[in-house]
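Residues per chain are reported as follows:
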Amino acid sequence: MRIVNTKKIENCVYRLARRAGTNLTPACTAALERAAARESAPACRFALGTLLDNARLAAAEELPVCQDTGMACVIIELGQEVALTGELLSDAVNSGVRRAYADGYFRKSICDPLTRANTGDNTPAALHVDVTAGDKIRITYLPKGFGSENMSRLYMLTPAKGREGVIDCIVQPVKEAGSRPCPPVCVGVGLGGNFDGCAFLAKKALTRALGTPNPRADVREIEEEALRRINGLGIGCQGFGGDVTALSVACEIAPTHIAGLPVAVNIQCHCVRCEKEVL
């Protein structure tokens, strides 16, 4: 049994939040560069170049890469051979977020849903904990802005809708969103599970390195076809019209009930900020 004080987790969340707030993932930067190279619309090429310039400046100056520094989404894969000591795990995570948003001068966006009173420190984080084998702690940090989060959708399809119904559900929210989620977007998709589990699958899909295909051939084919159809919508970068409306579609899948076919679509703007660390 490995004993870990939750202070280590707090410090790890702090590091991840500080890095994520000022840096796109390398895979996202590479995808934007490829998009700029293939884009035929002049306005979209200009916009993609501006996005890349902004990302480089933010990283160099350690400034927020987007003014929406997001809701802190934290996924912890906790090895069952780990015994935690110290403060409560959720308190440690929130302490790391609180410190990072203060020290990084990140915008604090979390508020009561009814009174709209701001919590003042961007907590609480959205925390998901999975128990896994071994004695390691894997922490994934994803700050999620709500310009794109608000465009996300959950569908409870009947099994008869099949593959085509799934693809339609992936494409439709992007079409309806238009320029609002700051395209080119990344689309996380959850297939299966239940009502709440499907939504988490979609969120988890966004933490995969951008452009990494699902290992299952049938799921990978859905990713590829949905991406092709989305890029055929002609929305383009920032809604200027063009060839690249989405950088990627990533699907995660889980078994579901014989009577259902849940599909969750979690839309992410071009600004993919995801950091990971193993303790």
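Values in this document were obtained by computation on a predicted structure and should not be read as measured data.

What counts and what doesn't
- Counting restarts for each chain: residues are numbered from 1 in the order of the written sequence.
- The predicted origin of the model limits local features to residues at a pLDDT of at least 70 and limits the giving and counting of side-chain atom pairs to 80 or more, whereas totals for whole chains, interfaces and linings rest on all residues.
- Hydrogen atoms and water are omitted, and side-chain values are computed over all heavy atoms in the structure.
- Definition used in this section: a nonpolar core is a set of buried Ala, Val, Leu, Ile, Met, Phe, Trp, Tyr and Cys residues joined via side-chain atoms within 4.5 Å.
- Note on classification: 1.4 Å probe, protein chains only; a residue is buried when its accessible area is under 20% of the maximum for its type, exposed when over 50%, partly exposed between these limits.
- Numbering of helices and strands starts at the N terminus; helices are DSSP runs of H or I of at least 4 residues and strands are runs of E of at least 2.
- By definition, residues are in contact when any of their heavy atoms lie within 4.5 Å.
- Only strands joined by at least two bridges in the DSSP assignment are considered to pair.
- Here the axes come from fitting lines to C-alpha atoms, over the contacting stretch only for helices, and the angles between their N-to-C directions go from 0 to 180 degrees.
- What counts as a ring pair is set by centres within 6.5 Å for rings of Phe, Tyr and Trp (its six-membered ring), and what kind of pair is set by the plane angle: stacked under 30 degrees, edge-to-face over 60, tilted for all other angles.
- As a reminder, the over-ring test applies to NZ of lysine and CZ of arginine, requiring each to be within 6 Å of the ring centre and within 35 degrees of the ring normal.

> Mind showing me how you'd approach the nonpolar core here?
Nonpolar side chains in soluble globular proteins generally cluster together in the buried interior. Formed by 26 residues in total, the largest nonpolar core has its most connected members in L24, L32, L210 and L247. Elements that contribute at least two residues to this core include exactly α2 (26-38) and α3 (42-61). By residue number, the principal contributor to this core is α3, which donates 7 residues. When sequence neighbours within four positions are dropped, the list of residues in contact with L32 reads L24, L48, L52, P184, L247 and H270.

> How should unusual backbone geometry be read in this particular structure?
If a residue is not glycine, its phi is most likely negative; likewise, a peptide bond is most likely trans. With an omega of 5 degrees, the peptide bond running from T123 to P124 counts as cis. Of note, the bond from P183 into P184 is cis; its omega dihedral lies within 30 degrees of zero at 15 degrees. As for its placement among the helices and strands, P184 is situated in the loop between α6 (162-177) and β7 (185-193). Within the chain, E62 stands out as a residue other than glycine whose phi angle is a positive 55 degrees. Counting through the fold element by element, E62 comes out in the loop between α3 and β2 (71-79).

> So what exactly am I meant to see when it comes to the sheet that holds β2 here?
The pairing of strands in a sheet happens through backbone hydrogen bonds and is either parallel or antiparallel. The strand order β4-β2-β5-β10 describes an open sheet built from 4 strands, whose pairing is mixed. In the strand order of this sheet, the two ends are held by β4 (126-132) and β10 (275-278), each with one partner. Neighbouring strand axes in the sheet, compared pairwise and without regard to direction, differ in orientation by 15 degrees on average. Each of β2, β4 and β5 (137-144) is contacted by helix α4 (residues 89-103), which is oriented at about 140 degrees to β2, the strand it contacts most. In the packing of helix α7 (residues 195-205) onto the sheet, contacts are made with β2, β4 and β5, and the angle to β4 comes to roughly 90 degrees.

> How should I be thinking about the packing of aromatic side chains in this particular structure?
Within a pair of aromatic rings, the relevant descriptors are the distance that separates the centres and the angle that separates the planes. As enumerated under the stated definition, the model contains 1 aromatic pair in all. Ring plane angle 90 degrees and centroid distance 5.4 Å describe the contact between Y101 and F106, whose orientation is recorded as edge-to-face. With respect to class, Y101 is no different from F106; both count as buried. Taking NZ or CZ as reference, R99 lies 4.3 Å from the ring centre of Y14, over its face.

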